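# A structural walkthrough
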Amino acid sequence: MEKCYLMTAVVLLGLTVRWTVSLNSYSGAGKPPMFGDYEAQRHWQEITINLPIKQWYFNGSDNNLQYWGLDYPPLTAYHSLLCAYVAKFINPDWIALHTSRGYESQAHKLFMRATVLIADLLIYIPAVVLYCCCLKEISTKKKIANALCILLYPGLILIDYGHFQYNSVSLGFALWGVLGVSYDWDLLGSLAFCLAINYKQMELYHSLPFFCFLLGKCFKKGLKGKGFVLLIKLACTVVASFILCWLPFFTEREQTLQVLRRLFPVDRGLFEDKVANIWCTFSVFLKIRDILPHHIQLMISFCFTFLSLLPACIKLTLHPSPRGFRFTLVSCALSFFLFSFQVHEKSILLVSLPVCLVLREIPFMSTWFLLVSTFSMLPLLLKDELLMPSVVTVIAFFIACATSFSIFEKTSEEELQLKSFSISVRKYFPCFTFLPRIIQHLYVGLLLPWPLPRSTGSGSAGPAAMAHGPSRSAACGIFLDRGMNPCPLHQQADSQPLCHQGSPEGHSFDSETSNLFIFIFIIT
């Protein structure tokens, strides 16, 4: 009973933070003629309720695709239509064809914010709560703490409730998919993930891990027996779900092709705005978008993306496991974000979701990444006048993670699962010691000015020590040139091999964790 009360309190806290952020400004507020994503979502409601389905994705006198034309899959369009019916019932002026462009009022803002909150409450938040409740071999308090940290992740809150989007819908469906396939509800998990893809095409970032994990399950059961039956059932589920979502657009071949052209606009360029990926970083030194032809850019990005995600996908197919699935989701989503074509800064949320799922396993690096991912969207948040909500939510998230997981205690090579990586680095670069020091100062210098609650008891020595001498305590475990942690707080942990709960494979996913370590440093 106490567990239910505490989990309810966590959900209410998450909702309170969300609604408080929603009271601030939004994308394009008072900035004609294009305004921003807030106007884009309102405009899609206007289009879907006033025009027939066959005109939703086509340019015309009533649907100028240059003015926030619909460029998401059919499920997003249906969601916009549903919201439009409610808007029409409340105030038809909000979605009147042509005359409602750029419509702004406090009542309309309240309505739009409420649609995000309701979608979040129906899809994303229940998935988070169920995921945390299903975690095995950890205490009830740890499950509740895990839910608190995931629900307080500032990146998603600031984009959905500040900037204004519905990312929680697609991410929520994806999380339901993760739950399904992780606990052998494979058909339901596949259905949920298909809904995620049909809501936002960027969920393709997660598609290969789902495919490889399910294919590995089929191989494991035997393709001449139960595995083949499972494969057929999965194929039928995927095909049926796509047919149902796309049925109105299958009436004509050109209709289907136009929707696909809107979903994958390869003519927009290699990246947009200030996105923290490889191509945007590289363009500081070499303007690759101006030098190479468009089709060459597309080919290079495809090759880099495919090669970077291939090892993790092969390993997952050969050795499918829920833990390996979670880490492969992180690795593949990072590969897409860093190397793929036409990446937006908000796409980092697709990486952040699977990182939230491994928060309890590698709390130090996960917390670091989630903070850096939010920081990477700072130019966008500043444009939307969301600096104060950003600072407050980031500090709240950091305090929640620091107190819930004692992130500064588990920083040795073994506990970060970087032992094999550090050995490889020292093998080829014996003098390689500057990177850990840089990471130390980036992390400790950035975060430790924030207030850390003091903890008592032997199990919380890490945060308590940080309150007195943070720089040494945080630094002691991230030097790759040391086999044992010199900090007394960690001697006991370092003297024993790492054994993850529920994972007989021990260090089997050192490579994926090392990838996370490398990518975090690149983004930083």
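Keep in mind the model is a prediction, meaning the values are calculated, not measured. (Residues numbered from 1 in each chain as written. Predicted model: local features only at pLDDT ≥ 70, side-chain atom pairs only at ≥ 80, totals over all residues. Heavy atoms only, no water.)

## Observations concerning the overall build of the chain
Assigned secondary structure in the chain consists of 24 helices and 0 strands. The proportion of buried residues among the 524 residues of the chain is 56%. Within the chain, contacts between residues separated by at least 24 positions form 77% of all contacts whose residues are at least 6 apart in sequence. Total accessible area on the chain is roughly 22,800 Å²; 68% of this is exposed by carbon and sulfur atoms. (Helix = DSSP H or I, 4+ residues; strand = E, 2+ residues; numbered from the N terminus. Buried < 20%, exposed > 50% of the residue type's maximum accessible area, 1.4 Å probe, protein only. Contact = heavy atoms within 4.5 Å. Areas by Shrake-Rupley, 256 points an atom, 1.4 Å probe, with all protein chains shown as cover.)

## Structural notes on the packing of helix α9 (residues 207-246) against helix α14 (residues 322-339)
Orientation of α9 relative to α14, taken along the N-to-C sense of each, is 155 degrees, at an axis distance of 8 Å. On the basis of their axis angle, the class for α9 and α14 is roughly antiparallel. Viewed along their axes, α9 and α14 form a crossing whose handedness is right-handed. Facing α9, whose interface residues are Pro 209, Phe 210 and Phe 213, α14 presents Pro 322, Phe 325, Thr 328, Leu 329 and Cys 332. Of the residues contributing to the contact of α9 with α14, the split by class is 7 nonpolar, 1 polar and no charged. (Axes fitted to C-alpha atoms, helices over the stretch in contact; angles between N-to-C directions. Parallel < 35°, antiparallel > 145°, perpendicular 65-115°, else oblique. Left-handed = near helix turned anticlockwise from the far one by under 90°. Nonpolar A, V, L, I, M, F, W, Y, C, P; charged D, E, K, R; others polar.)

## Some remarks on the nonpolar core
Formed by 133 residues in total, the largest nonpolar core has its most connected members in Trp 56, Tyr 124, Phe 325, Phe 337, Val 351, Leu 370 and Phe 397. Discounting chain neighbours no more than four positions away, the residues touching Trp 56 are Ile 47, Thr 48, Leu 51, Asn 63, Leu 70, Ala 77, Tyr 78, Leu 81 and Phe 249. (Core = buried A, V, L, I, M, F, W, Y, C linked by side-chain atoms within 4.5 Å.)

## What about unusual backbone geometry?
The peptide bond linking Pro 32 to Pro 33 adopts the cis configuration, its omega dihedral lying at 5 degrees. Mapped onto the elements, Pro 33 comes out in the loop between α1 (2-22) and α2 (37-50). Not every positive phi belongs to a glycine, and Asp 184 is a case in point at roughly 65 degrees. Structurally, Asp 184 can be placed in the loop between α7 (167-182) and α8 (186-199). On the basis of relative accessibility, which here comes to 56%, the residue Asp 184 falls in the exposed class. Unlike most non-glycine residues, Glu 385 shows phi in positive territory, near 60 degrees. Along the chain, the position of Glu 385 falls in the loop between α17 (378-383) and α18 (387-405).

## Focus on the packing of aromatic side chains
Tallied over the entire structure, the rule returns 19 aromatic pairs. Between Tyr 153 and Phe 397, the ring centres sit 6.2 Å apart and the planes meet at 70 degrees, which makes this aromatic pair edge-to-face. Taken as a pair, Tyr 153 in the loop between α5 (140-151) and α6 (154-164) and Phe 397 in helix α18 lie far apart in primary sequence, 244 residues in all. The class of Tyr 153 is buried, set by a relative accessible area of 3%. Taking 6.2 Å as the distance between ring centres and 35 degrees as the angle between the ring planes, the aromatic pair formed by Tyr 183 and Trp 185 counts as tilted. The partly exposed category is assigned to Tyr 183, whose relative accessible area is 25%. An aromatic cluster is built from Tyr 26, Tyr 38, Phe 164 and Tyr 166, whose rings are joined through pairwise contacts. (Phe/Tyr/Trp six-rings, centres within 6.5 Å; stacked < 30°, edge-to-face > 60°.)

## Describing the side chain of Thr 76
Turning to its location among the elements, Thr 76 is positioned in helix α3 (residues 74-90). For Thr 76, a relative accessible area of 3% puts it in the buried group. Only 2.3 Å separates the side chain of Thr 76 from the backbone oxygen of Tyr 199, close enough to count as a polar contact. (Polar contact = N/O pair within 3.5 Å; in protein donor to acceptor, adjacent residues only side chain to side chain.)

## Considering the state of the cysteines
Taken as a whole and judged by the stated rule, the model has 0 disulfides. Sulfur of Cys 149: no disulfide; nearest cysteine sulfur belongs to Cys 401 and is 3.8 Å away. Free of any disulfide, Cys 313 has its nearest neighbouring cysteine sulfur in Cys 332, separated by 3.4 Å. With relative accessibility at 5%, the residue Cys 313 sits in the buried group. (Disulfide = S-S within 2.5 Å.)

## Quick notes on the confidence of the model for the chain
Looking at the chain as a whole, its pLDDT mean stands at 83, while 80% of the residues score no less than 70. Ignoring residues within four places in sequence, the model shows residues 448-511, a span with pLDDT below 50, making 127 contacts including any to other chains. (pLDDT = per-residue confidence, 0-100.)

## Some remarks on the environment of Cys 218
Mapping Cys 218 onto the fold places it in helix α9. By relative accessible area, which is 0% here, Cys 218 ends up buried. Taking the C-alpha atoms as reference points, Cys 218 and Phe 228, separated by 10 residues in sequence, lie 6.5 Å from one another. Leaving out residues up to four positions away in the same chain, Cys 218 has contacts with Leu 223, Gly 227, Leu 230, Leu 231 and Leu 234.

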